[in-house]
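# What the coordinates show
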Amino acid sequence: MKVPALDFMMPGFPRCGTTTITHLLSEHPGIFITTPKEPGFFKPRNYQKRQSWRDYAQLFDGADPQAVQGEGTVTYTTSWPPELADPREVYRHYPELKLIFLMRDPVERIVSQWVNKTQQNYPKDIPVFEKCTTHYSIFLDTSRYWNHITRWLEYFDDEQVLAICLEQFKENPRQLMQMIEDFLDVERYEYDFQTRLNASNVARRDSNFERYIKRNEFTYKAAQLAKQILPLDRVHQLLKNEKTVQWDEDTLRWVRKELDSDSRAALEYADLNPSYWPKMFPGESERS
C-alpha cells in the first residue's frame, strides 16, 4: 500500500474562500496542491469503501519531492453524514499533519452556502432561504466552527492547527498568506491577488446539466426562450447573489443565538475578537 506524503490539509470550511487560498498556494514553488484540490479521500463513503490509496497517491505524482504537499477537501467539515471525515482515521495515517481552518462570518457563510446549493439545485427540495437554517441542519451546523475544530483537536496538537478568517484575507491578503507560509515553514512568495475564485456573485463554472444544454442546439434555444417568457421563481433564485439575500429578522436572531458561544470560542482560538464578524456580532466594532 503506497501512502502518499501529505504535509497539510484544509479540512474547512465550505464557502469561506478556500478555493482562492489553495489557488494562491499552488503558485508557490515550494507548495504542491492536489488537482482536484478536494479529492475527498477521507469522506466516509469513500474511505469505508477502501478507495484505493494508489488512486490517492497518483494525485501527488507531479509534486517536487522537496515541496510541502497539501489538499483542501473542505467538505470534511460539512455537517452532512456522507461527507464528515473522521479525524481519527486521518491522524492514524498522518500524525504529523498540519491543519488549516479557514472561517468566515457564519451569517455570511450560511447565505453563501444557500446561494451555492440553489445554483446546484441540490438537494432538489431545498427550501426558500428563510427556512434553510430551520429545515436543513447542514447550513447551521457547518457554521459551528469550534465544534468541528475541537473534533480534530482530540488527535492533533494546537501547534498543528492554524485557524484564520476570510475577513483577514480581505483586510490584508499578503499578511494572511505570510501567516500560512510561516505555519507551513516555507519561504516568502509574491502572489497574484487579482484572482477571485468560486464566489457566488461572480462568474461560475457551468454545471453538467448546463453544459449539456449548451451542447444541444434545440435545448439551448428552448432554455433561452424560457428565460425570456417564463417568470419562474427558480430562474430568479439562480440569478440571486449573496448581496441580494434578505434575512427574516426573527430567524436571524435565532441563528445568532444558536451560534453565539461557538463563534466566540472559534474567534478566541484564532486570537481575533467578534468585530471581525459584524453580521454575526453587530455592534461589536472594535478591532484588536
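Everything numeric here is computed off the predicted structure, so don't read it as measured data. Note on numbering: residues in each chain are counted from 1, in written sequence order. Reporting in this predicted model follows two pLDDT cut-offs: at least 70 for local features of residues, and 80 or more for side-chain atom pairs to be given and counted; totals over whole chains, interfaces and linings ignore these cut-offs and use all residues. Side-chain measures here rest on the full set of heavy atoms in the structure, leaving out hydrogens and waters.

With that settled, the discussion passes to the overall build of the protein chain. Comment: elements are numbered from the N terminus, with helices defined as DSSP H or I runs of at least four residues and strands as E runs of at least two. On a plain count of helices and strands, the protein chain comes out with 14 helices and 5 strands. Taken over 288 residues, the protein chain has a buried fraction of 48%. A total accessible area of about 15,500 Å² is found for the protein chain, and carbon and sulfur atoms account for 49% of it. Exposure categories follow from relative accessible area, calculated using a 1.4 Å probe and restricted to protein chains: below 20% of the type maximum is buried, above 50% is exposed, and the middle band is partly exposed. Only the protein chains shown count as cover for residues, with accessible areas throughout obtained via the Shrake-Rupley method and a probe of 1.4 Å.

What follows is about the pairing of strand 4 (residues 98-103). Each regular strand carries side chains that alternate between the two faces of the sheet. Judged by how many residues are buried, strand 4 sits mostly within the fold: 5 of 6 residues are covered. When DSSP finds two or more bridges between a pair of strands, those strands are recorded as paired. Bridge count for strand 1 (residues 8-12) against strand 4 is 3 bridges, and the pairing is parallel. Within strand 4, the residue paired with F8 across the bridge is K98.

Bringing the state of the cysteines into the picture now. Cysteine sulfur pairs qualify as disulfides if the two atoms are within 2.5 Å. If you walk through the whole model with that rule in mind, you get 0 disulfides. Between C16, a free cysteine, and C165, which holds the nearest cysteine sulfur, the sulfur-to-sulfur gap is 8.5 Å. According to the relative accessible area criterion, C16 is buried, its value standing at 0%.

By the element assignment, R104 lies in the loop between strand 4 and helix 5 (106-120). Residue R104 is classed as buried on the basis of its relative accessible area of 7%. The term polar contact refers here to a pair of N or O atoms within 3.5 Å; inside protein, the definition further demands a hydrogen-donor-capable atom paired with an acceptor-capable atom, and it admits residues adjacent in sequence only when both atoms are side-chain atoms. A polar contact is formed between the side chain of R104 and the side chain of S112, at a distance of 3.3 Å.

Attention shifts here to a negative patch on the surface. What goes into a patch is any residue over 30% in relative accessible area without a salt bridge, connected to like charges within 9 Å or, for nonpolar side chains (Val, Leu, Ile, Met, Phe, Trp, Tyr), within 5 Å. Counted as salt bridges are all cases of a side-chain nitrogen of Lys or Arg within 4 Å of a carboxyl oxygen of Asp or Glu. His is not counted, nor are the chain ends; Lys and Arg add positive charge and Asp and Glu add negative charge. To locate a charge, take atom NZ for lysine, CZ for arginine, CG for aspartate or CD for glutamate. Among the surface-exposed residues, E96, D157, D158 and E159 lie close enough to one another that they form a single negatively charged patch. Along the chain, E159 turns up in the loop between helix 8 (145-153) and strand 5 (161-165). Residue classification places E159 among the exposed residues on the basis of a relative accessible area of 64%.

As a further point, take the nonpolar core. The criterion is simple. A nonpolar core is a set of buried Ala, Val, Leu, Ile, Met, Phe, Trp, Tyr and Cys residues joined through side-chain atoms within 4.5 Å. Grouped together as the largest cluster of nonpolar side chains are 72 residues, with contacts concentrated most on F42 and M103. Residue contacts are counted whenever heavy atoms from the two residues lie within 4.5 Å of one another. Discounting residues that sit within four places of it in the chain, M103 has contacts with F13, C16, Y145, I149, A163, I164, C165, L166, E167, A266, A270 and W277.

Right, let's talk about the pattern of salt bridges for a bit. Using the criterion set out here, one finds 13 salt bridges in the structure. One salt bridge in this structure joins R264 and E284, with 2.8 Å as the shortest N-O distance. With a gap of 20 residues between them, R264 in helix 14 (residues 249-269) and E284 in the segment after helix 14 connect regions that are remote in the sequence. Bridged by salt links that share partners, the residues R104, E108 and K279 form one connected network.

Okay, the sheet that holds strand 4 next. Note: strands within a sheet are paired through backbone hydrogen bonds, in either parallel or antiparallel orientation. With parallel pairing, the 5 strands of this open sheet are ordered in space as 2-3-1-4-5. Single-partner strands in this sheet number two, and they are strand 2 (31-33) and strand 5. Put simply, the sheet's adjacent strands are angled 25 degrees from each other on average, direction ignored. For strand 2 and strand 3 (residues 68-71), the ladder comprises 3 bridges, and the chain directions are parallel. Across the sheet, residue F32 finds its bridge partner in strand 3, namely Q69. Here, axes are lines fitted to C-alpha atoms. For helices the fit covers the stretch in contact, and angles between N-to-C directions go from 0 to 180 degrees.

Looking now at the pairing of strand 3. Of the two faces of strand 3, the one carrying V68 and G70 and the one carrying Q69 and E71 are both buried. As defined by bridge partners, strand 1 adjoins strand 3 across 2 bridges and the pair is classed as parallel. By the bridge assignment, M9 is partnered in strand 3 with E71.

Turning our eyes to something else, we now look at the environment of K257. By the element assignment, K257 lies in helix 14. Separated by 23 residues in sequence, K257 and M280 place their C-alpha atoms 9.4 Å apart.

This part is about the packing of helix 1 (residues 18-27) against helix 10 (residues 173-184). Close contact between helix 1 and helix 10 brings their axes to 12 Å; oriented N to C, the two are set at 65 degrees. The orientation of helix 1 with respect to helix 10, classified from their angle, is roughly perpendicular. Two packed elements cross with a definite hand, and for helix 1 against helix 10 that hand is right-handed. Along its contact with helix 1, which presents I21, L24 and L25, the element helix 10 presents L176, M177 and I180. Residue classes follow a fixed rule: Ala, Val, Leu, Ile, Met, Phe, Trp, Tyr, Cys and Pro count as nonpolar, while Asp, Glu, Lys and Arg count as charged, and any other residue, Gly among them, counts as polar. Within the contact of helix 1 with helix 10, the residues separate by chemical class into 6 nonpolar, no polar and no charged. Any angle that falls under 35 degrees is termed roughly parallel, while one over 145 is termed roughly antiparallel, one within 65 to 115 roughly perpendicular, and all others oblique. Here is the rule for handedness: rotate from the far helix to the near one, and if that takes an anticlockwise turn smaller than a right angle the crossing is left-handed, while a clockwise turn gives right-handed.

Here L140 shows up in helix 7 (residues 137-141). On a C-alpha basis, the gap between L140 and P106 in space is 8.4 Å, while along the polypeptide they are 34 residues apart. When residues no more than four places from it in sequence are discounted, the contact partners of L140 are I110, T133, W254, V255, E258 and L259.

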